[in-house]
Amino acid sequence: LFVIVIATYLLVWLFSPMLVRYFGNQSLIAFDLSFSQDSSVRYNPFLSRLSIKSLSLRRQQEQVFTITDAVFEVDLYKILWGTAYLKVLEIEGLRLEISEETNGSFLVAGFPAGNAKNAAQEPSSEEKPAPPLILPYRLLAPLFILEDAAIRFKSKHTAHVIEIEKLAIEKLNVDKSR
């Protein structure tokens, strides 16, 4: 049994980049997005570590999201008690495109976000608004490091760029219940 578990972990570790690229591209087709050829996402089940190298999302040959290097290491045992504890949370070379569409909706890295201003309609008496999404997990990280990031916002009339050389947040605690 021990050998089967170790062999399964090794297979996950070795084939995770190919599986993520294949299934990720299948999911991204609906949004007219794709991974670049050199994108690599590897999961190490021995350390519960997700490593990202040269991840790039493209929409019609335009890069809308890029991460040069990122490492996420999770303490899986704490998830059982409702806490996503990230022992390591480092992101380097983030490039993010946010654009406003003509109908007032937004695209964040090529994914639709929010509702259009003009499309807001009053719900009928039969329709009930969806309850807000409340995540049952708390996110904790002793240190969050973001290096060499650029966030570009394009609206109908203007464009803005936020550049971050280095951002370090100690004792990150994201809790929806507070």
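Computed from a predicted structure; not experimentally measured.

Cut-offs used in this document
- Residues numbered from 1 in each chain as written.
- Predicted model: local features only at pLDDT ≥ 70, side-chain atom pairs only at ≥ 80, totals over all residues.
- Heavy atoms only, no water.
- Helix = DSSP H or I, 4+ residues; strand = E, 2+ residues; numbered from the N terminus.
- Buried < 20%, exposed > 50% of the residue type's maximum accessible area, 1.4 Å probe, protein only.
- Contact = heavy atoms within 4.5 Å.
- Areas by Shrake-Rupley, 256 points an atom, 1.4 Å probe, with all protein chains shown as cover.

A. Summary view of the overall build of the chain. Across its full length, the chain carries two helices and ten strands. Ordered by position in the sequence, the α and β elements of the chain form the string α-β-β-β-β-α-β-β-β-β-β-β. Burial statistics for the chain: of 178 residues in total, 31% are counted as buried. Intrachain contacts of the chain at a sequence separation of at least 6 include 51% that bridge at least 24 residues. With the model as given, the accessible surface of the chain reaches about 12700 Å², and the carbon-plus-sulfur share is 60%.

B. Fine view of the environment of I162. Along the chain, I162 falls in strand 10 (residues 159–174). For the pair formed by I162 and I151, sequence separation is eleven residues and the distance between their alpha carbons is 5.1 Å. Residues in contact with I162, not counting those within four places in the same chain, are A149, A150 and I151.

C. Local environment of unusual backbone geometry. Phi at D32 takes a positive value of approximately 60°, unusual for a residue other than glycine. Considering the arrangement of structural elements, one finds D32 in the loop between helix 1 (2–28) and strand 1 (34–35). Its relative accessible area of 41% is what places D32 among the partly exposed residues. Residues other than glycine seldom take positive phi values, yet S48 does so here, at roughly 55°. Residue placement: S48 occurs in the loop between strand 2 (40–44) and strand 3 (49–59).

D. Expanded view of the side chain of T83. Among the structural elements, T83 can be located in strand 5 (residues 83–92). Look at T83 and you get buried, because its relative accessible area is 14%. Those residues in contact with T83 that sit more than four places away from it in its chain are K78, Y137, R138 and L140.

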